[in-house]
Amino acid sequence: MSSVVIADDQDLVRSGLALVLKVRGFTVVAEAADGRKAIDAVRRTDADVVLMDIRMPVLDGIGATRELTRLGCRTKILMLTTYDLDEYVYYALRAGAAGFLLKATPPDILAAGIRTVAAGEALLAPGITRRLIEEHIGRPPPVRGLPTELASLTAREVTVLTEIARGSSNEEIASVLVVSEATVKTHINHILAKLDLRGRVQAVVLAYETGLVSPGR
């Protein structure tokens, strides 16, 4: 079962989350009251997932996420937020978070979300993600051909990235390309490596920021 670090500046929230997760079989390996302590806890425990509150003292969740990404920590970061269209959520995803959940999320859905990101998948509802990006991203200037930031990708990889940004699952992409899901996963791994991205979420954000996929479409 997955190991979890809980990072939130409220004692009651941390203790409540710990109880919920332990009852559902997770191992809570550490708790942290601010972003700096969260980084230390993740590095010390090498947990599978860290539940990261966005607003914390000393160092907020965005700063902590950015630092963990820079350090190359394998721990997946799942953001906890009060509002799903909060601009801070956008910046957290951009920094390398694997997804986000509302603090009011029912316990069983929270547990399922942790299992999802622990397995290496992104936790994003495509509709909410598009709304979030459209709310907070500026439209990039028009360019001819492929954006410079994506020049290292093959034509097939560009197609896969486009489908990811549109919210397609690996199964749906495989159907479009008439290939196996294993082949799709290989393409995604190549995309992430070439673009130096932490995961699928950062790939979606970059696709919008470069204009590969346009907000509202």
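For the structure itself, look to the data block above.
Below you will find a few notes about this structure. Everything numeric here is computed off the predicted structure, so don't read it as measured data. (Residues numbered from 1 in each chain as written. Predicted model: local features only at pLDDT ≥ 70, side-chain atom pairs only at ≥ 80, totals over all residues. Heavy atoms only, no water.)

**Points about unusual backbone geometry**
If you check the backbone angles, Asp 46 has positive phi at about 55° while not being a glycine. Positionally, Asp 46 belongs in the loop between helix H2 (35-45) and strand S3 (49-53). With a phi angle near 70°, Val 58 is a residue other than glycine that sits in the positive phi range. With respect to the element layout, Val 58 can be found in the loop between S3 and helix H3 (61-71). Take Val 58: its relative accessible area is 69%, and that puts it in the exposed class. (Helix = DSSP H or I, 4+ residues; strand = E, 2+ residues; numbered from the N terminus. Buried < 20%, exposed > 50% of the residue type's maximum accessible area, 1.4 Å probe, protein only.)

**What about the pattern of salt bridges?**
Under the criterion given, the structure shown has eleven salt bridges. Here Asp 8 ties to Lys 103 by a salt bridge, and the two come within 3.1 Å at their closest N and O atoms. Highlighted residues: Asp 8 in the loop between strand S1 (3-7) and helix H1 (11-23) and Lys 103 in the loop between strand S5 (99-102) and helix H5 (107-118), separated in sequence by 95 residues. Judged by relative accessible area, Asp 8 falls into the buried class, the value being 0%. (Salt bridge = Lys/Arg side-chain N within 4 Å of Asp/Glu carboxyl O.)

**Re the pairing of S1**
With five of five residues buried, S1 is to be regarded as a mostly interior element. Residue alternation in S1 divides its side chains into two sets, Ser 3, Val 5 and Ala 7 and Val 4 and Ile 6, and both sets are buried. Two elements, S1 and strand S2 (residues 27-32), share five bridges in a ladder whose sense is parallel. The residue bridging Ser 3 from the neighbouring strand is Thr 27, located in S2. Pairing of S1 with S3 involves four bridges; the strand directions are parallel. Across the sheet, residue Val 4 finds its bridge partner in S3, namely Val 49. (Pairing = 2+ DSSP bridges.)

**Overview of H1**
A rise of 1.5 Å per residue sets the reference length of H1, with its 13 residues, at 18 Å; its end C-alpha atoms lie 18 Å apart and thus fit the reference within 8%. Those residues of H1 that sit buried are Arg 14, Leu 17, Ala 18, Val 20 and Leu 21. Mapping the buried residues of H1 onto a view down its axis gives an arc of 165°, with all of them on the same face. In H1, the exposed residues that point more than 90 degrees away from the buried face are Asp 11, Leu 12, Leu 19, Lys 22 and Val 23. Tucked into the core, H1 has its buried residues touching S1, S2, S3, strand S4 (76-81) and H5. At the exit of H1 stands Gly 25, carrying a positive phi of roughly 95°. (Expected span 1.5 Å × (residues − 1). Arc of directions from axis to C-beta. Contact = heavy atoms within 4.5 Å.)

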